[in-house]
Structure formats: structure tokens, C-alpha cells
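The primary structure of each chain is shown beneath.
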Amino acid sequence: PNISPFLDPGTLTTPSSLAIVHLSRDNLQPVYLRDYSGVVDGYAEGAVINTRFGSFPHSTLLNIPWGSQVRASIVDTGSRGRKRKIAQVGDGDGQDKDSENTASDGKPARNAVTASSGFVHILPPTPEIWTTSLPHRTQVVYTPDYSYILHRIRARPGMRIIEAGAGSGSFTHAAVRAVYNGYPDTPDEKTGKIFSFEFDKSRYEKMQEEIHSHGLDGLVQLTHRDVYNEGFLLDGESPQAECIFLDLPAPWRALPHLSRRRPKPNQLPADAKALNGTDSDWKSPLRADRSVYICTFSPCIEQVTQTIEVMRRLGWMEIEMVEVCHKKINVARERVGLNMPNDRGTNLTPGSVDEAVTKLREVEIRFREFHAKTQDADATMEDDTAEKEAAEDVNMNGDGNQQDGAAEDTQTTKPWMLGRLTHRTEAELKTHTSYLVFAVLPQEWSEEQEAAAFEKWPCGK
Ligand code: SAM
């Protein structure tokens, strides 16, 4: 069977498969690798990916181990290519640069990338990478949230998850990997499955295409539906779900459909429509013989309070709200105004030598005062050794750009180590994604089950 590259990518890149072109940490480009031969889009090389780091014919990306670094190729891009080269000027990435490259006016184009100087890495698709590179049609759930959610709703191989709304499919991809049991041929009930619902027609259609081209057809069942009014049964049958994730504007409106029994009118939220059917023909989309775990995902606290109120009325238990405050912490050493080389031998901060040396001295004094105050003698000695070693490392790199005076004067002060180490966290507000409400609906427990259990374990006798 064709296993999705998200679940088992194999060892080599293959034709027609989704691959991720990694240009830089924040720039990932999904691409379907095509085994074209002949001229495509005017390129004799066949299909070509053009990036600001150069051109990459698909043929150079095919049948190679995942994770490979691939150098750009020189392709005959004609006049279009020349324009592209000029547009690439000013890139601040760690890719190779070619200062010899020229713009159309014949002057050197600073930092322009030649068609053959850059490189990319070719990565297999994973839910995490897909989340950062997918075409956004909505707000999406990001990795720090969905990894925690999947853990809390007990998603594991073989489980069946109800998800609404599907949106851009970010959560769906992570969820399907969590429930996939590794045996695509086992019958549905053992394979694990995502029952996903989306009421926006164009999002539904786009996501249906993606599910298909990602090889997830049997594992994700997407339905075009307004779940507030139509619930979660499929052709009148129960998906028998044991995990639920709701990323909807009004999750409380979907909750009555996720009950084991037909809710009484006083259990319904004020904005809910009357439910169809009778008590006796009520079919629950949930598994009866297991506790069901739910998470709802809402950006506003008012949504949380409404959701919790309805959860309580409907018998959900262990209700708890969590906010995942994920922060990136950028750690950097302050620059101290000296012509210092970076690891590619390029000057970072041009400035006068005198000015730089004075600054360094000031920094050194502050550095020593700080350490004298805050560290004991042993720790300071360790720091000095580390400084010495690091300074030696830098010297061994052979700094051709250093100016003589600065080198002499700062030999003992190890200038590159003196910039204070600083860290900067992202702003508090930026980290808020949504509030996560978790709850459990206990398993059904009938009189018969109680009697049978008593029969088996007659602890009360
Ligand atoms: N969780 C998704 C992801 O990770 O990509 C994003 C979901 S997006 C924030 C919310 C989605 O819910 C939208 O696509 C919207 O169309 C859908 N939606 C809103 N109300 C709905 C309803 N009553 N039934 C089904 N889908 C609904």
C-alpha cells in the first residue's frame, strides 16, 4: 500500500512525493517533486525550483537521501534569471554569497546570490514542518499547543478522533500521525482515524485535495458540515470516537451533539437549535465503553466560560483550562563596536579602533566588577579558562580583517568574549494563542455492567 510520506517517508526522495525545501530556519517551501524530462516552463532542465539561493532542478532533488544538502545549479534562466539575481540582493541569511556577482548596470551587486552558489536541504514532510510551511487559510494550531493537546486527549495508535473545524489542516496532520498504528491494511476500527468536519466549502475542498495528495485518504475522513446544527454522525452511523478536538468559534454549540444521551432542553446552550429525534433514537458519536477526552481551543476567555458552563450541564468532568505559554528565547552576545569577524570572515561592525578599544575596556571593567560581586573564586576561575579557550579558538580561525592596534591592545582582554551575554524573550502578548479547555466524559456504566462486575469481583460479599 501507498503509505503517506508523513507517516513513513522511506529513506530517499521519490517522484510525485511531497518534500520540503529548507531554505532557512524560517523559510520552508513545500514542493511535489516531479520526474519531468524535456522542457518545462522554458527550462531545458525540466521543472526547476527558483529561490533566492539559486535554481534547483527537480532532477537534482530526486532519489537522494532525505536531509541531503543540495547545491544550486546553473540553469539557463535567460533575461528572467538576470532580473531574479538582482531581486536577490540584500539577503541576510547564512547562505554563500558572491560579491563578484554583477547587476545589470555592471556594478557589483552586493550580497547577490549567484545561480550556483547557494544550497538548500531537502526534508521529508512532518506535521511540524507542514504547520510552518502550509498554505494558511485560517488561524492554525501550532506545534506547542497540539503536542500538548494530543497528549491530554490521550491520542495514541488506534484511537478515533473527532475534529472540528478542520481549517487549514494543521492539527489534522499531527493527529493522524498520533493515531496511526503502523498497519495501513488493518480494518478501520483498529487503524485509528480522524473524523474531521469543516463547513466552509472552499476550505473543505482545498483540504480534501491535500489529504488525497498526502496519501491520508483512509486515515482522515473529511466531511463538509455545519456541526452546530448537524452534529457528528456519518450517514446516521456513529464514528465511535474516544477523543475530541474543537477549534470552533462557539464550541459550546457543538457540545450537545457530543453527548451519550439526548440532552434535556435545560442542558442546551441558549443559542442552540432544538435537537432532532427522540430520546430512544438518539445515537451518540462517542464510544460508550471508554471515557472520552475533549479539548476545546478558544482565543477569548468569554468563549471559555460559555464552553465550561455547557460542559458542566452535560456531565463533563475534570474540567480544566490551560494556556500554553511557549516562548522563544534568543541568546546573543552584545557587539562592542570593534571590527570583529563573524565565522565567515565578514566584518560585523565597522568603527574606529580607539573607540572600540575604549569601549572594550569599559566593558571589561563592568564584566569583572559583576563577576567579583556575584561569583565565588572557583566560578570566576572557570570563566577565565573558558574565556581563554574561546579566545584561542577565535585566534585559530585566523582573523585577516583585524586591525593591528586593536589586536595588540585587546590581546589580554579577549574582546570577542566581552560583549555581555544577553537574552531576549518574545513579547508576552505574542505568545497567546488560545485557552485550552480539557474535560472527560466518563464511560457509560449500566446496571447490568454493575451486576456483572459484582459477579466477577464480589468485593462487597
Ligand atoms: N484547527 C485548524 C488548523 O489547525 O488548521 C484551524 C481551525 S480554524 C481556526 C476554524 C475553522 O472552523 C474554520 O475553518 C471554520 O470554517 C470552521 N467552522 C466554524 N464554524 C463551523 C461549524 N459550525 N461547523 C464546521 N466548521 C466550522
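Let me sum up the structure you'll find in this document. These figures come from a predicted structure and were not determined experimentally. (Residues numbered from 1 in each chain as written. Predicted model: local features only at pLDDT ≥ 70, side-chain atom pairs only at ≥ 80, totals over all residues. Heavy atoms only, no water.)

## Some points on the side chain of His173
For His173, the position within the fold is in helix H4 (residues 170-179). Those residues in contact with His173 that sit more than four places away from it in its chain are Phe6, Pro127, Trp130, His214 and Leu216. (Helix = DSSP H or I, 4+ residues; strand = E, 2+ residues; numbered from the N terminus. Contact = heavy atoms within 4.5 Å.)

## Here's the deal with the nonpolar core
Ile149, Leu150, Ile153, Ile161 and Phe171 are the most contacted members of the largest nonpolar core, which has 34 residues in total. Elements supplying a minimum of two residues to this core: helix H3 (143-152), H4, helix H6 (201-213), strand S9 (220-224), strand S10 (243-246), strand S11 (292-298) and strand S15 (435-441). Sorting elements by how many residues they give to this core places H4 first, with 5 residues. When neighbours within four sequence positions are excluded, Phe171 is seen to be in contact with Val141, Tyr146, Ile149, Leu150, Glu163 and Phe245. (Core = buried A, V, L, I, M, F, W, Y, C linked by side-chain atoms within 4.5 Å. Buried < 20%, exposed > 50% of the residue type's maximum accessible area, 1.4 Å probe, protein only.)

## Some remarks on the layout of surface pockets
The volume enclosed by the largest pocket comes to roughly 1,300 Å³. Gln139, Val140, Val141, Tyr142 and Thr433 are the residues nearest the centre of the largest pocket, which is lined by 50 residues in total. Counting residues per element, the ones that place at least two in the lining of the largest pocket are strand S2 (27-32), helix H2 (127-133), H3, strand S7 (160-164), H4, strand S8 (193-198) and helix H7 (227-230). By residue class, the composition of the lining of the largest pocket is 18 nonpolar, 18 polar and 14 charged. There are two domains that each give the lining of the largest pocket at least three residues, and those are domain 1 (18-125) and domain 2 (128-326 + 433-456). (1 Å grid on protein atoms, 1.4 Å probe; cavity = no way out; pocket = protein on both sides within 12 Å on 5 of 7 lines; lining within 4 Å. Points joined across faces, edges and corners; volume = space filled by probe spheres on them. Nonpolar A, V, L, I, M, F, W, Y, C, P; charged D, E, K, R; others polar. Domains from an automatic or database assignment.)

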